[in-house]
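# Descriptive analysis of the structure
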Amino acid sequence: MSLLIRNGRVVTASDDYRADIYVEDDKVSLIGNSLDLQADEVIDASGKLVIPGGVDPHTHMDMPFGGTTSSDDFESGTRAAAFGGTTTIIDFAIQIKGNSTLEALETWHAKAEGKASIDYGFHMIVTDMEDKRLWEMRRLADEGVTSYKMFMAYPGVLYVDDGTLFRAMRKAGDDGTLVCMHAENGIVIDEIVKLALKEGKTSPKYHALTRPTRMEAEGVHRSIAIAEVAGVPVYIVHLSSADALEQVNLARKRGALVFAETCPQYLFLDIDYYDREGFEGAKYVMTPALRERWNQDELWRGLKFGDLQSISTDHCPFCFKDQKTLGIDDFSKIPNGAPGVENRLSLVYNGGVAAGRISVNRFVELTSTAAAKLFGLFPKKGTVAVGSDADIVIFDPERRETISVDNPCTHHMRVDYNAYEGIETQGFSETVISRGKVIVSNNEWHGSSGAGQFVKRGLFSGAN
């Protein structure tokens, strides 16, 4: 199959020019002006941006949590991602404490194979790591899983102590892989939660009030310090507050290999959402929690000046009626997570480029290129270049949509609400191409379950 995209404005993290793009099979074959070539399919991209498909480095499809499972599996979740312009996700396999990480990888392969409609990779969530099993980390890297996530939160479930953290970090550093950190002081937070419940404070807003930003900042500081001693680069996931960002800034200024992402929820939503009528605030129970609105300006500044490298979604949806209500009498039992994989590109373009906060090149870098580089996917993913995978989005920079669970153009996720309900965005993924095949066009689905491939990722290369 061949595809010719004509008259588009091609934008990558570093370039901005007008050209035609010729795709053969699953690769970009030729880029040039007024290409005189025949193709099986021709798309006119006049007036549109032609950008690399989004790379979302933080999703949780089919994830067990809090007595239930995230409502999007790899079939529904990757389809929704594609509608929003994301053509690659990196999801999280979870090691069961005491069991092998290799068994966990097999379990997540089984979840994704035959279901994913876009390409995908895995991080490995490490919940324990004894000396006798450290060799598994090298085996995971050989299998293309070159990053690991560890938690300072959720004691008794996902939490790892500092000894385990240091041990795994040293091995990751030796192997040339990257450690991702959920950085919050979960031990102290659990004590604050106990006090709140003892005082009868059970409503959703106490999820946020029991997780202060100083506990995020402390976790970020401690994880960076341990990583520096262990000699490994560290990537802070879903950074949510100015307090935490300050610790990243200080570390980067002294030359530490520290990278961080934030998510749209921390750029567009705030702590006031927990005060919504009745139990509605439960829709926004996620970890870290939503913060006071003033933090948003600091996060945007960090994105603009490079202290934050990437924007992921931490997509982990739970239906409001059937799942969030598990915690109707106790906020600590509300499943933590929210939907967002479909709306990321439109939100970031609207709040970033259209609002004058970031350039269009930075938009591409934050939603695609930086994650591809940091997680060993570049230049196969994350750019539009000859030889790269033909993961391409034709993006309308003028089209406006109001995000809503009832808007068929903005909601294909398998969840009964949208976290960004009512937000009007400028910028829309009109046509989405995955490895040379058009899978979304004019809000119609042309993809197929199982067409997505597992992508083995390379070692950490020091990008950014």
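## So, the overall build of the protein
- Helix and strand counts for the protein stand at 12 helices and 19 strands.
- Computed over its C-alpha atoms, the radius of gyration of the protein comes to 21 Å, within 12% of the 23 Å expected for a compact globule of 464 residues.
- Taking all 464 residues of the protein together, 64% fall into the buried category.
- Sequence-distant contacts, at least 24 apart, represent 76% of the contacts inside the protein between residues at least 6 apart.
- Between the averaged position of the 49 positive side-chain charges in the protein and that of its 66 negative side-chain charges there is a distance of 3 Å.

## Some points on the packing of helix α11 (residues 344-354) against helix α12 (residues 360-374)
- Contact pair α11 / α12: the axes reach a minimum separation of 10 Å and the direction vectors enclose 145°. Here the hand of the crossing between α11 and α12 comes out right-handed. Residues Arg344, Leu345, Val348, Tyr349 and Val353 of α11 lie in contact with α12, whose contacting residues are Val360, Phe363, Leu366 and Thr367.
- Each residue belonging to the contact of α11 with α12 can be placed in one class, and the counts come to 7 nonpolar, 1 polar and 1 charged.

## Remarks on the nonpolar core
- The biggest cluster of nonpolar side chains holds 119 residues, and the ones touching the most others in it are Ile51, Met124, Met150, Met169, Met181, Leu239 and Phe363.
- Broken down by element, the residue count for this core peaks at 6 residues, all from helix α7 (residues 213-230).
- Grouped together as the second largest cluster of nonpolar side chains are 16 residues, Ala19, Ile21, Val28 and Ile392 included.

## Some words on the packing of aromatic side chains
- On inspection of all chains with the given rule, the structure shows 17 aromatic pairs.
- On the basis of an interplanar angle of 90° and a centroid distance of 6.3 Å, the ring pair of phenylalanine 74 and phenylalanine 122 is categorised as edge-to-face. One end of the pair, phenylalanine 74, is in helix α1 (residues 74-83); the other, phenylalanine 122, is in strand β10 (residues 119-125), with 48 residues separating them in the sequence. For the pair formed by phenylalanine 74 and phenylalanine 122, the shared burial category is buried.

## Overview of unusual backbone geometry
- Residue proline 288 is reached from threonine 287 by a cis peptide bond, and omega for that bond is -5°.
- Here proline 288 is to be found in the loop between α9 (264-268) and α10 (295-305).
- The omega angle of the peptide bond from phenylalanine 378 to proline 379 is 0°, so this bond is cis rather than trans.
- A positive phi angle, close to 35°, is found at histidine 238, a residue other than glycine.
- Topologically, histidine 238 is positioned in the loop between β13 (234-236) and α8 (242-253).
- Residue classification places histidine 238 among the buried positions, given a relative accessible area of 2%.
- One non-glycine residue, aspartate 314, lies in the positive phi region at around 50°.
- Relative to the assigned elements, aspartate 314 resides in the loop between β15 (310-311) and α11.

## What about the pattern of salt bridges?
- Across all of its chains, the model carries 32 salt bridges by this definition.
- The salt bridge partner of glutamate 424 is arginine 400, with a shortest N-O separation of 3.9 Å. Taken together, the residues glutamate 424 in strand β17 (residues 424-434) and arginine 400 in strand β16 (residues 392-402) connect sequence positions 24 residues apart.
- A single salt-bridge network, built from bridges that share partners, covers Lys27, Asp119, Lys380, Lys381, Asp389, Asp391 and Arg435.

## A closer look at the side chain of threonine 431
- Among the structural elements, threonine 431 can be located in strand β17.
- Relative accessible area serves as the criterion here: at 6%, threonine 431 is assigned to the buried category.
- Residues contacting threonine 431, with those up to four places away along its chain left out, are Ile43, Ile392, Val393, Ile394, Val438, Val440 and Ser441.

## Let's talk about the state of the cysteines
- This structure, assessed with the given rule, holds 0 disulfides.
- Here cysteine 263 is not disulfide-linked; the sulfur of cysteine 316 is the nearest cysteine sulfur, at 12 Å.
- The class for cysteine 263 is buried, based on a relative accessible area of 0%.
- The thiol of cysteine 319 is unpaired, and the distance to the nearest cysteine sulfur, on cysteine 316, comes to 12 Å.
- Residue classification places cysteine 319 among the buried residues on the basis of a relative accessible area of 17%.

## Some details on the environment of glutamate 444
- By the element assignment, glutamate 444 lies in strand β19 (residues 444-445).
- In sequence terms glutamate 444 and glutamate 184 are 260 residues apart; their C-alpha atoms lie 41 Å from each other.

## A few points about the sheet that holds β10
- What the 8 strands build is an open sheet, ordered β6-β9-β10-β11-β12-β13-β14-β15; its pairing is parallel. At either end of the open sheet lies a strand with only one pairing partner, and these are β6 (54-59) and β15.
- Note: strand β11 (residues 147-151) against strand β12 (residues 178-182), 5 bridges, orientation parallel. Its bridge partner being in β12, phenylalanine 151 is matched across the sheet by histidine 182.

## Considerations on α11
- Counting buried positions over the 11 residues of α11 gives 10, a clear majority of the element.
- After α11 finishes, the residue glycine 356 shows a positive phi value of roughly 80°.

## Some points on the pairing of strand β9 (residues 86-94)
- Here β9 lies mainly inside the structure; 9 of its 9 residues are buried.
- The sheet contact formed by β6 and β9 spans 4 bridges and is parallel. Bridge assignment links threonine 59 to a residue of β9, and that residue is aspartate 91.
- Note: β9 against β10, 7 bridges, orientation parallel. The residue bridging isoleucine 94 from the neighbouring strand is isoleucine 125, located in β10.
- Handedness of the β-α-β unit built from β9, helix α2 (residues 101-112) and β10 comes out right-handed.

Reading the values: rules and limits
- Residues numbered from 1 in each chain as written.
- Predicted model: local features only at pLDDT ≥ 70, side-chain atom pairs only at ≥ 80, totals over all residues.
- Heavy atoms only, no water.
- Helix = DSSP H or I, 4+ residues; strand = E, 2+ residues; numbered from the N terminus.
- Rg over C-alpha atoms; globule rule 2.2 N^0.38 Å.
- Buried < 20%, exposed > 50% of the residue type's maximum accessible area, 1.4 Å probe, protein only.
- Contact = heavy atoms within 4.5 Å.
- Lys, Arg positive; Asp, Glu negative; His and termini not counted.
- Charge placed at Lys NZ, Arg CZ, Asp CG, Glu CD.
- Axes fitted to C-alpha atoms, helices over the stretch in contact; angles between N-to-C directions.
- Left-handed = near helix turned anticlockwise from the far one by under 90°.
- Nonpolar A, V, L, I, M, F, W, Y, C, P; charged D, E, K, R; others polar.
- Core = buried A, V, L, I, M, F, W, Y, C linked by side-chain atoms within 4.5 Å.
- Phe/Tyr/Trp six-rings, centres within 6.5 Å; stacked < 30°, edge-to-face > 60°.
- Salt bridge = Lys/Arg side-chain N within 4 Å of Asp/Glu carboxyl O.
- Disulfide = S-S within 2.5 Å.
- Pairing = 2+ DSSP bridges.
- Right-handed = clockwise from strand over helix to strand, strands pointing away.

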